[in-house]
Amino acid sequence: MTLTQNTLRLTAIGNGVGMLITPTGGEADFAELYQAGLDGLLADAGHLLIRGFNPSVEEFNELVQRYSSRTTLDPARTFHGDAAQKVDSGHDPIGLHLENGATPFAPDLLWFHCVKAAKSGSETTVCDGFRVWDALSERAKQVFAAQPVTYSRNVPKEMWQRLAAHLAGGSHHPSQMQVSSLYALANEGADATFTEEADGSLTYTYTMYAAHPTRWSTRTAWANSLLGPSFNYEAPEIRFTDGSAIPDDVIAEYSQVTEAVTEEVAWEDGDIVLIDNSRVMHGRRAITDPDRTILNAQSYARS
């Protein structure tokens, strides 16, 4: 299905409801995207692939700011402009996850900008949590509906302080941030505890249902970070809140189901991908071209 909206062409992509946005004319006007209602389109599609505009890094940063109330960051990455950070997560495949989904700081919106595409491979993967939930067995659904999961992890001092300073608006130097301030900076309603260790590092626990309503829908999505990476961080301990482990047969099932409904973004230079981070998990195939350059931004949607 293909539709047109002003000077934009909207085309369904993949087997889900993802949407490709391209210019209708020969000369693309990137500024059209500033008023295109991308957030409304995202609520329906789950993820958007914006192609054919070839924006600069500055224009990408501006697009993020136009649709965001505020931005957040990965404290292990370096900035390129006000919002974008360079993705640097090694060369191995990365499992499906919500960005910062194992923390109480997960953003609403996840943005990627392909400055330089790989010559082959290295695709980003996307997996719609609605499709996963619909495909899971009744047993698996009952397991995840019965109780939430808890993520526990230790984070070095310089990393949690950098994140806290950014979330606080940059008015304080990271060294001034206190563990106590993290409660106010966490996402509204997040079930989390923070404990400062003797070396200044932070141990936190975060509790969240693996299947839940999304930012724009009351429909249940199996969207979480149970399969996710820990490239720059200590791997979290993941258990149900009663201390029990996720059953092996359920792990095998959701691993199979997610792979069956996972789709790939074969990057082209200049592409932008926007993801509903409460609904659509993402990952990556193995890096086969280390010269590829992908920027990432994380933000909270405007009300």
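Check the entry above for the structure.
Figured I'd write up the structure that's included with this text.

Our next topic: the packing of aromatic side chains. Counted according to the given criterion, the structure contains 11 aromatic pairs. Considering the side-chain rings of Phe 30 and Tyr 34, the 5.7 Å spacing of their centres and the 90 degrees angle between planes classify their relative orientation as edge-to-face. Summarising the burial analysis for this pair, Phe 30 and Tyr 34 share the class buried. Taking 6.1 Å as the distance between ring centres and 50 degrees as the angle between the ring planes, the aromatic pair formed by Phe 144 and Phe 240 counts as tilted. Highlighted residues: Phe 144 in helix α4 (residues 138–146) and Phe 240 in strand β16 (residues 237–240), separated in sequence by 96 residues. Given a relative accessible area of 4%, Phe 240 falls into the buried group.

What follows concerns the nonpolar core. Ranked by internal contacts, the top residues of the largest apolar core, which has 46 residues, are Phe 105, Phe 144, Trp 222 and Leu 226. Excluding its chain neighbours within four sequence positions, the residues that come into contact with Leu 226 are Phe 144, Val 149, Tyr 151, Ala 210, Ile 238, Ile 246 and Tyr 254. Among the nonpolar cores identified, the runner-up in size contains 25 residues, and Ala 36, Trp 111, Ile 272 and Ala 297 belong to it.

One open sheet holds the four strands; their spatial order is β12-β13-β11-β16, and the pairing between them is antiparallel. The sheet is open, and its two edges are formed by β12 (191–196) and β16, each paired on a single side. Direction aside, neighbouring strands of the sheet carry axes that sit 15 degrees apart on average. Taken together, the seven bridges between strand β11 (residues 149–155) and strand β13 (residues 202–208) define a ladder with antiparallel strand orientation. Across the sheet, the residue bridging to Val 155 is Leu 202, located in β13.

Here we take up helix α7 (residues 248–261). An ideal rise of 1.5 Å per residue puts 20 Å on 14 residues; α7 measures up with 20 Å between its terminal C-alpha atoms. Where α7 is concerned, the buried positions are Val 250, Glu 253, Tyr 254, Val 257, Thr 258 and Val 261. Viewed along the axis of α7, the buried residues span an arc of 120 degrees, placing them on a single side of the element. Facing away from the buried side of α7, by more than 90 degrees, are the exposed residues Asp 248, Gln 256 and Ala 260.

Our next topic: the layout of surface pockets. Space inside the second largest pocket adds up to approximately 500 Å³. Around the second largest pocket, the lining comprises 26 residues; the ones closest to its centre are Ala 106, Asp 108, Asn 187, Tyr 206 and Met 208. Where the lining of the second largest pocket is concerned, the elements lending two or more residues are β13 and β14 (211–214). Ranked by the residues each element gives to the lining of the second largest pocket, the list is headed by β14, at three residues. Looking at side-chain class alone, the lining of the second largest pocket contains 13 nonpolar, nine polar and four charged residues.

Time to look at the pattern of salt bridges. Considering all chains together, one arrives at 12 salt bridges under this definition. The closest approach of N and O atoms between Glu 268 and Arg 51, which form a salt bridge, is 3.5 Å. With Glu 268 in the loop between β17 (263–265) and β18 (272–276) and Arg 51 in the loop between β4 (47–50) and α2 (57–66), the pair connects residues that are 217 residues apart, well separated along the chain. The exposure class assigned to Glu 268 is partly exposed, which follows from its relative accessible area of 41%. A salt bridge links Glu 138 to Lys 141; its shortest N-O distance comes to 3.9 Å. One end of the pair, Glu 138, and the other, Lys 141, are both in helix α4, three residues apart, so they sit about a helical turn from each other.

Within the secondary structure layout, Val 149 lies in strand β11. When the C-alpha positions of Val 149 and Ile 246 are compared, they lie 8.9 Å apart, and in sequence the two are 97 residues distant. In contact with Val 149, not counting residues within four places along its chain, are Tyr 206, Thr 207, Met 208, Leu 226, Ile 238, Arg 239 and Phe 240.

This next bit is on empty space enclosed by the protein. According to the stated counting rule, one finds one cavity of 30 Å³ or more in the structure shown. Taken as a whole, the largest cavity holds about 90 Å³ of empty space. As for the largest cavity, its lining consists of 13 residues, and the residues nearest its centre are Gly 16, His 47, Asp 128, Arg 131 and Glu 263. The greatest single-element share of the lining of the largest cavity, amounting to three residues, is contributed by strand β10 (residues 124–128). Taken together, the residues of the lining of the largest cavity break down into six nonpolar, four polar and three charged.

What counts as what
Residues numbered from 1 in each chain as written. Predicted model: local features only at pLDDT ≥ 70, side-chain atom pairs only at ≥ 80, totals over all residues. Heavy atoms only, no water. Phe/Tyr/Trp six-rings, centres within 6.5 Å; stacked < 30°, edge-to-face > 60°. Buried < 20%, exposed > 50% of the residue type's maximum accessible area, 1.4 Å probe, protein only. Helix = DSSP H or I, 4+ residues; strand = E, 2+ residues; numbered from the N terminus. Core = buried A, V, L, I, M, F, W, Y, C linked by side-chain atoms within 4.5 Å. Contact = heavy atoms within 4.5 Å. Pairing = 2+ DSSP bridges. Axes fitted to C-alpha atoms, helices over the stretch in contact; angles between N-to-C directions. Expected span 1.5 Å × (residues − 1). Arc of directions from axis to C-beta. 1 Å grid on protein atoms, 1.4 Å probe; cavity = no way out; pocket = protein on both sides within 12 Å on 5 of 7 lines; lining within 4 Å. Points joined across faces, edges and corners; volume = space filled by probe spheres on them. Nonpolar A, V, L, I, M, F, W, Y, C, P; charged D, E, K, R; others polar. Salt bridge = Lys/Arg side-chain N within 4 Å of Asp/Glu carboxyl O.

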